[in-house]
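Structural description and commentary
Residue-level listing of the chains:
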Amino acid sequence: KSDIDGLIVEGTKSALPNPNLDIYRQFSERGIPVVFINSYYNSLDCNYVIVDDEEGGRLATKHLIEQGHKKITGIFKYDDLQGNLRYKGFLTEMYENNLSVDESTIIWYSTENMEQQFCLENLRTLLHKLNDSTAIVCYNDQIAMKLMQLLSHSHLSVPNDLSLVSFDNSTLSQIGTVSLTSVTHPAKELGRLAAESILTMIENPHWEVKHIYKPELIMRESVKKI
C-alpha cells in the first residue's frame with residue numbers, strides 16, 4: 001500500500017516528450033489523485049490549475065503595440081509549455097496587427113543554458129539580435145532583470161532604449177531602479193486552489209479540477225510610448 005495520499009506536481013521541461021507518463025497513469029490506477037500546476041501533459045487526462053499563458057503573451061504584446069512599438073521581439077524558454085504558449089500569444093497578436101516577426105531576433109533558452117545565454121560574455125551576441133528592436137516580451141521577471149543588468153554594461157537603459165514587458169508580477173518586478181510592467185501569475189491563489197483540490201480529491205475520488213486563471217497586465221515603468 002502506498003503511503004502517498006495525493007500529489008501536486010509542477011512538471012519540468014513540460015514542452016518536451018516525457019518518458020515518465022506511465023508513472024502518472026499508475027498513480028491514477030491506484031486511486032492516488034494528482035493535480036498539475038502551471039502546466040500539464042496533453043496526453044494525460046489529468047487535473048490541473050494553470051494560468052492562460054497564451055492570453056498572457058497576447059496581453060504583453062498588445063500593450064507594446066498600443067504604445068507605438070512595431071519592431072518587437074521576444075525571449076522565451078523553449079523546454080517548457082509556458083514559454084511555448086507565451087510565444088504563441090506573442091505571434092498571434094503580432095500577426096493580427098499586421099506586424100512582421102523576424103524569427104532571427106527571437107531569443108530561445110533552456111533550463112540548462114540560461115546562465116550561459118545571459119552572461120556578460122554573450123552580451124555582444126544578444127545586442128546583435130536585439131539591434132533593430134524597440135521592445136521585448138520577456139519570458140519572466142527574472143530574465144527581464146538579467147537583461148536590464150546586461151544592457152547597463154553597454155550604456156543602454158530601459159525604457160529609453162528598449163521597452164520590456166515580462167511575466168509573473170513577482171517581487172523582482174518592483175525592486176529594480178526601473179519597475180517592470182508584468183503579466184500577473186497568481187501564485188498564492190493557484191497554490192491554494194491546488195491544495196484545496198487535492199484534499200477534496202482524497203475524500204472524493206470523482207472530484208475533478210481543470211481551472212485556468214486569466215492573467216492581467218500590471219503597468220509600471222519599463223515601457224516607453226513612441
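The following paragraphs examine the structure supplied in this document. (Residues numbered from 1 in each chain as written. Predicted model: local features only at pLDDT ≥ 70, side-chain atom pairs only at ≥ 80, totals over all residues. Heavy atoms only, no water.)

1. Some details on the state of the cysteines
In this structure the tally under the stated criterion is zero disulfides. Cys-138 provides the cysteine sulfur closest to Cys-119, a residue in no disulfide bond, and the two sulfurs are 17 Å apart. (Disulfide = S-S within 2.5 Å.)

2. Remarks on the pairing of strand β3 (residues 47-51)
Of all five residues in β3, five are buried, a share of seventy percent or more. Of the two faces of β3, the one holding Asn-47, Val-49 and Val-51 and the one holding Tyr-48 and Ile-50 are both buried throughout. Bridging between β3 and strand β9 (residues 210-213) involves four bridges; their strand directions are parallel. Residue pairing for β9: Ile-50 is matched across the bridge by Ile-212. (Buried < 20%, exposed > 50% of the residue type's maximum accessible area, 1.4 Å probe, protein only. Helix = DSSP H or I, 4+ residues; strand = E, 2+ residues; numbered from the N terminus. Pairing = 2+ DSSP bridges.)

3. Digging into the pairing of strand β2 (residues 34-37)
Looking along a regular strand, one sees the side chains alternate between the two faces of the sheet. Covered by surrounding structure in β2 are Val-34 and Phe-36 together with Val-35 and Ile-37, the residues of both alternating faces. Relative to β2, strand β1 (residues 7-9) runs parallel, the two sharing three bridges. The residue bridging Val-9 from the neighbouring strand is Phe-36, located in β2. One crossover worth recording links β1 to the parallel β2 by way of helix α1 (residues 21-29), and it is right-handed. Judged from the three bridges that link them, β2 and β3 form a sheet pairing that is parallel. Looking at β3, one finds that Val-35 is bridged to Asn-47. (Right-handed = clockwise from strand over helix to strand, strands pointing away.)

4. Points about the side chain of Lys-146
Here Lys-146 shows up in helix α6 (residues 141-153). Excluding residues within four positions of it along the chain, Lys-146 makes contact with Met-114, Glu-115 and Phe-118. (Contact = heavy atoms within 4.5 Å.)

5. Overview of the packing of aromatic side chains
Scanning all chains against the criterion turns up eleven aromatic pairs. Between Tyr-40 and Tyr-48 the ring centres are 4.1 Å apart and the planes differ by 5°, which places this aromatic pair in the stacked class. Taken individually, Tyr-40 and Tyr-48 each receive the classification buried, so the pair is uniform in this respect. Ring centres of Phe-76 and Phe-90 lie 5.7 Å apart, and the angle between their planes is 45°; on these two criteria the pair is classed as tilted. (Phe/Tyr/Trp six-rings, centres within 6.5 Å; stacked < 30°, edge-to-face > 60°.)

6. A look at the nonpolar core
Most often, soluble globular proteins have nonpolar side chains that are buried together. Grouped together as the largest cluster of nonpolar side chains are 23 residues, with contacts concentrated most on Ile-75, Phe-118, Ile-136, Cys-138, Leu-147 and Leu-164. Every element with two or more residues in this core is listed here: β5 (107-109), α5 (123-129), β6 (135-138) and α6. With seven residues, the single largest contributor to this core is α6. Not counting residues within four places of it along the chain, the set of residues in contact with Ile-136 comprises Leu-64, Thr-73, Gly-74, Ile-75, Leu-130, Leu-147, Leu-162, Ser-163, Leu-164 and Val-165. Ranked by size, the runner-up nonpolar core spans 18 residues in total, among them Phe-76, Ile-106, Val-137 and Val-223. (Core = buried A, V, L, I, M, F, W, Y, C linked by side-chain atoms within 4.5 Å.)

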